[in-house]
Amino acid sequence: MTRLPQERGLHELYAADPERADALVFGRRTYADRRGFLRGAGLATMSAVLGYTIPFHRGMPGGLIPAALAQETGEFTIEGKDGLRVLNDRPLNAETPAHLLDDDITPTARHFIRNNGLPPDSVDPEGWTVTIDGFVDTPLELSLDDLRSRFEVVEYALQLECGGNGRAAFNPGASGNQWTTGAVGNARWTGVRLADVLGAAGVQPQAIYTAHYGADSHLSGDPDKRPISRGMPLWKAMNPYTLIAFEQNGAPLHPMNGAPVRILAPGWPGSVSQKWLTRIELRDQVHDGTKMGAPSYRVPRYPVAPGEEVPGADFRIIESMPVKSLITAPASGTTLPTDHRTLEVRGHAWAGDEHVTAMHVTTDFGQTWREAALEPPPNPYAWQRWRAQIEFPTRGYYEIWARAIDSKGRMQPFTVGWNPKGYLNNAMHRIAVRVEV
Ligand SMILES: Nc1nc2c(c(=O)[nH]1)N[C@H]1C(S)=C(S)[C@@H](COP(=O)(O)O)O[C@H]1N2
Ligand SMILES: [Mo]
């Protein structure tokens, strides 16, 4: 595993703030007592991470990196994740380098993490319920067993992308997580159709919008504040690929991807896909929960100049995400030996509620483009594989650029129009390749 420059080393993390590092690595209910010894739920987690109980844990100082971990990991690790670049540790946000997204199905270990608050620190799947209420005939309270037994269980590959993916490339910069290209993934999700669950509750005619609630807590610790509570129009909720999901790649959801149960509203900003789901309310108005209002997950209704102030009333809610693609092989920065002047370039492409109809690549800074081979998606809302054979005429520095076109004829641009919060950057992906001198 290559060490990425912005990744935060475990040692660095502990040096900066040992108490927080313990909480982060071993769970939020970890704390040190007055003498500085490690206490709380974190101990159990620490034992689990180490694979052993710690007989003398009472004497273990808080903020001490267990030697077993210190030896094995030179970098900050998130249990069950591999190779992610950590942008923030509180809340935890981590993206996947493009070359680690080469699989058709994104392994759980490589699926990005976007948290707005603090995940629940103890999750009991047995006792968990999801409430369906609001403008329904019969409010429901469903356990995971109820979901599995009362509704048809379906499994799809679904792409999920954060609305702010690509934000780092905006100029002037926009505040928020500085995602480059890696806040996207395409895992296999198993669950039930939200439409079936809403059907069982009986949707009343007044219902037009959903409101989503999760079990994570606000960064301030204030129990009355929610980190995020978004929703979607009823027509998106009724889409057969909008799921209440309880498995990711055939296993329980990763704790950071919303265990034990979440929404998947593929093709829309990831924020709609509530993690640690506890309740879906049907409303007779557009939901007004945390991060529904301007400028969150909204863009101006008209093109604006870079840096321009935009009044709140002039924003619209982001719905379908725009057409986009990634080059997942080779890794940017690859050097080819001189006798290897042909190369397979490949990646994925996706297009919100649409699908991708064509894919082009260039190696001469856009002077000439060639069409790549593009596969259909295995199911709607899965990303699509594309590949192209490239020949390099001579040694030197090349850039490979890739652009996708969606089923409505819209193509990825070279650069996108600026917006205040840095959403929807679907500029074409570019990588660097050297053919050896
Ligand atoms: N409860 C809850 N759900 C949430 C979030 C959150 O912070 N809390 N983040 C949202 C955002 S902004 C995104 S992009 C996706 C990310 O899903 P992932 O972390 O599984 O990749 O989850 C969404 N669901
Ligand atoms: Mo997001």
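See above for the structure.
These figures come from a predicted structure and were not determined experimentally.

With respect to unusual backbone geometry
A259 connects to P260 through a cis peptide bond whose omega is 5 degrees. Relative to the helices and strands, P260 is located in the loop between β12 (251-252) and β13 (262-264). With an omega of 0 degrees, the peptide bond between A329 and P330 qualifies as cis. The phi dihedral of L424 falls on the positive side, at around 55 degrees, and the residue is not glycine. Residue position: L424 is located in the loop between β24 (396-406) and β25 (429-435). We classify L424 as buried; its relative accessible area is 18%.

Considering the site of ligand 1
In the region of ligand 1, 20 residues are neighbours, and F112, N116, D216, R262 and K275 sit closest. Coverage of ligand 1 by the protein amounts to 100% of the 530 Å² it exposes when considered alone. Classifying every residue of the shell around ligand 1 gives 8 nonpolar, 8 polar and 4 charged.

Some details on the packing of aromatic side chains
In total, this model carries 9 aromatic pairs according to the counting rule given. Put simply, the rings of Y156, Y241 and Y381 touch in pairs and so form one group of aromatic residues. Taking NZ or CZ as reference, R403 lies 3.8 Å from the ring centre of W369, over its face.

Some points on the nonpolar core
Grouped together as the largest cluster of nonpolar side chains are 29 residues, with contacts concentrated most on I132, L147, V197, M232, I244 and V261. Within the residue set of this core, elements represented by two or more residues are β6 (129-134), β7 (140-143), α5 (144-150), α6 (194-201), α7 (234-237), β11 (243-248) and β14 (277-283). A total of 4 residues in this core trace back to one element, the largest contributor, which is α6. Non-local contacts of I132, meaning those with residues more than four positions away in its chain, are made with P139, L140, L142, V197, L198, A201 and I280. By size, the runner-up hydrophobic cluster in this structure holds 22 residues, among which are I327, L336, A351 and A372.

Details of the pattern of salt bridges
Under the defined criterion, the tally for this structure stands at 19 salt bridges. R410 serves as the salt-bridge partner of D406, at 2.9 Å between the closest nitrogen and oxygen. Under the relative-accessibility criterion, R410 is labelled partly exposed at 45%. Counted as one network, the salt bridges with shared partners bring together D102, D104, E344, R346, R385 and R387.

Some thoughts on the sheet that holds strand β10 (residues 209-214)
If you trace the 4 strands from one edge of the open sheet to the other, you get β7-β6-β14-β10, paired in mixed fashion. Each edge of the open sheet carries a strand with a single partner, namely β7 and β10. When strand polarity is set aside, the average angle formed by the axes of neighbouring strands in this sheet is 15 degrees. Pairing analysis gives 4 bridges linking β6 to β7, with the strands arranged antiparallel. Note on β7: the bridge partner recorded for T129 is S143. Along the sheet, α6 makes contact with β6, β7 and β14, crossing β7 at roughly 135 degrees.

Describing the sheet that holds strand β18 (residues 334-336)
Read from one edge to the other, the open sheet built from 5 strands follows the order β18-β25-β24-β20-β21, with strand pairing classed as mixed. Each having just a single partner strand, β18 and β21 (370-371) make up the two edges of the open sheet. Sheet topology places strand β20 (residues 356-362) next to β21; 2 bridges connect them, and they run antiparallel. Each residue of the ladder has a partner; that of V361, found in β21, is R370.

Calculation rules
Along each chain, residues carry numbers from 1 onward, in the same order as the chain's sequence is written. Each chain gets a letter, beginning with A, and each ligand a number, beginning with 1, in the order they are written. Totals for whole chains, interfaces and linings use every residue, but because this is a predicted model, local features are given only for residues with pLDDT of at least 70 and side-chain atom pairs only at 80 or more, for both listing and counting. For side-chain calculations, the full set of non-hydrogen atoms in the structure is used, while hydrogens and water are omitted. Helix and strand definitions follow DSSP, with helices as H or I runs of at least four residues and strands as E runs of at least two, each counted in order from the N terminus. Accessible area is worked out with a 1.4 Å probe on protein chains only. A residue is then buried under 20% of its type maximum, exposed over 50%, and partly exposed in between. Being near a molecule or strand, for a residue, means having at least one of its heavy atoms within 4 Å of it. Areas reported as accessible are Shrake-Rupley estimates using a 1.4 Å probe. Residue values count occlusion only from the protein chains shown. Ten residues, namely Ala, Val, Leu, Ile, Met, Phe, Trp, Tyr, Cys and Pro, are considered nonpolar, four, namely Asp, Glu, Lys and Arg, are considered charged, and the remaining ones, Gly among them, are considered polar. In summary, the pairing rule links any two rings of Phe, Tyr or Trp, Trp by its six-membered ring, whose centres are within 6.5 Å, and it sorts them by plane angle into stacked for under 30 degrees, edge-to-face for over 60 and tilted for everything else. Two thresholds decide whether a charge sits over a ring: the Lys NZ or Arg CZ must be within 6 Å of the ring centre and within 35 degrees of the ring normal. As used here, the term nonpolar core means buried Ala, Val, Leu, Ile, Met, Phe, Trp, Tyr and Cys residues forming a set that is joined through side-chain atoms within 4.5 Å. Residues are treated as being in contact if the distance between any of their heavy atoms lies within 4.5 Å. Any Lys or Arg side-chain nitrogen found within 4 Å of a carboxyl oxygen on Asp or Glu counts as a salt bridge. Strand pairing is assigned whenever DSSP detects at least two bridges linking the two strands. All axes are obtained by fitting lines to C-alpha atoms, using only the stretch in contact for helices, and the reported angles, taken between N-to-C directions, cover 0 to 180 degrees.

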